[in-house]
Structure formats: structure tokens, C-alpha cells
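Reading the structure
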Amino acid sequence: MAIEVVPEWMTNLDDEDVSFIKNFIMASGSLKEIAKQYNVTYPTVRLRLDKLIQKIQISENTANEPYIALIKRLAVNEKIDFETAKILINEYKKIRQEAK
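Residues numbered from 1 in each chain as written. Predicted model: local features only at pLDDT ≥ 70, side-chain atom pairs only at ≥ 80, totals over all residues. Heavy atoms only, no water.

**Here's the deal with the pattern of salt bridges**
For the record, the criterion: Salt-bridge detection follows one rule: a side-chain nitrogen of Lys or Arg within 4 Å of a carboxyl oxygen of Asp or Glu. Runs of E in the DSSP output that reach at least two residues are strands. Runs of H or I that reach at least four are helices, and both are numbered from the N terminus. Using a 1.4 Å probe on the protein chains alone, a residue whose accessible area is under 20% of its type maximum counts as buried, one over 50% counts as exposed, and one in between counts as partly exposed.
Under the counting rule described, the total for this entry stands at nine salt bridges. The salt bridge involving D50 is made with R46; its shortest N-O contact spans 2.7 Å. Residue D50 and its partner R46 are located together in helix α4 (residues 42–61), separated by four residues, close to a single helical turn. Using a relative accessible area of 30% as the deciding quantity, one classes D50 as partly exposed. On the basis of relative accessibility, which here comes to 31%, the residue R46 falls in the partly exposed class. We note a salt bridge from K86 to E83, for which the minimum N-O separation is 3.6 Å. Of this pair, K86 and E83 both sit in helix α6 (residues 82–99), three residues apart, which is roughly one turn of that helix. A single network of salt bridges, built from pairs that share partners, joins D14, E16, D17, R48 and K55.

**Focus on the nonpolar core**
One broad trend across soluble globular proteins is that nonpolar side chains are buried collectively. Stated precisely, the cut-off is as follows: Among buried residues, those of type Ala, Val, Leu, Ile, Met, Phe, Trp, Tyr and Cys that are joined through side-chain atoms within 4.5 Å constitute a nonpolar core. Any pair of residues with heavy atoms lying within 4.5 Å of one another is described as a contacting pair.
Counting nine residues, the largest nonpolar core is built from L13, F20, A27, L31, I34, A35, V45, L49 and L52. Among the elements of the structure, α3 (31–38) and α4 are those that each provide at least two residues to this core. Once you skip the residues sitting within four places of it in the chain, I34 turns out to touch F20, N23, F24, A27 and V45. The next biggest cluster of nonpolar side chains, apart from the first, holds five residues, and it includes I68, I71, A75 and I89.

Geometric values such as these leave the question of function open.
So this is what it looks like as C-alpha cells:
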């Protein structure tokens with residue numbers, strides 16, 4: 001697939017995320033099989049998949065707000081806590097609203 005055709009949500013994924021998606025597809029979507037491959041428990045794989053879903057949703061829902069998307073990605077990736085993310089996003093929205 002040409003780089004120009006890669007969906008925006010995919011460009012925001014880590015190599016590890018893309019590898020997980022590939023393995024998930026190759027395992028026909030079986031979380032049990034993925035758990036075996038990664039030598040982890042089913043709940044661990046489910047959590048990983050849920051985080052991946054969140055990353056994709058963030059990309060889809062905030063395409064017009066790159067700053068908000070960045071803050072949400074940092075929170076999902078546990079680089080900042082969710083409370084800090086909420087504060088940053090709310091302050092950003094306030095500033096944008098005042099600028100209008």
C-alpha cells in the first residue's frame with residue numbers, strides 16, 4: 001500500500017501496534033490465540049486491544065484537533081495521567097473559545 005493511501009489513524013500507531021494488528025488478523029481475531037502467542041493472559045490481550053481501539057477512536061474523532069489528539073494519545077499511552085489530560089484539554093478549549 002502506498003504511503004499516501006495509509007489511513008490517518010494508522011499513521012498514529014506504533015510499530016508494535018501495527019504488529020499486534022497483523023498478528024490479530026493472522027489469528028483470525030482469536031484473543032485466546034494471541035494470548036498464547038504473546039505468552040500472556042486473555043485479560044491482558046483484551047486490555048491491549050481496548051487501548052488500541054481507543055487510539056484509533058482518538059484519531060478518528062479528533063482529526064481536526066491535533067493538539068487534543070496528542071494529549072489523548074499521551075494519556076492512552078500512559079505518558080500523562082487522565083486528570084492532567086482533562087485539565088490540558090479544558091484549558092485549550094477555553095483559550096480557543098476566548099480567541100473567537
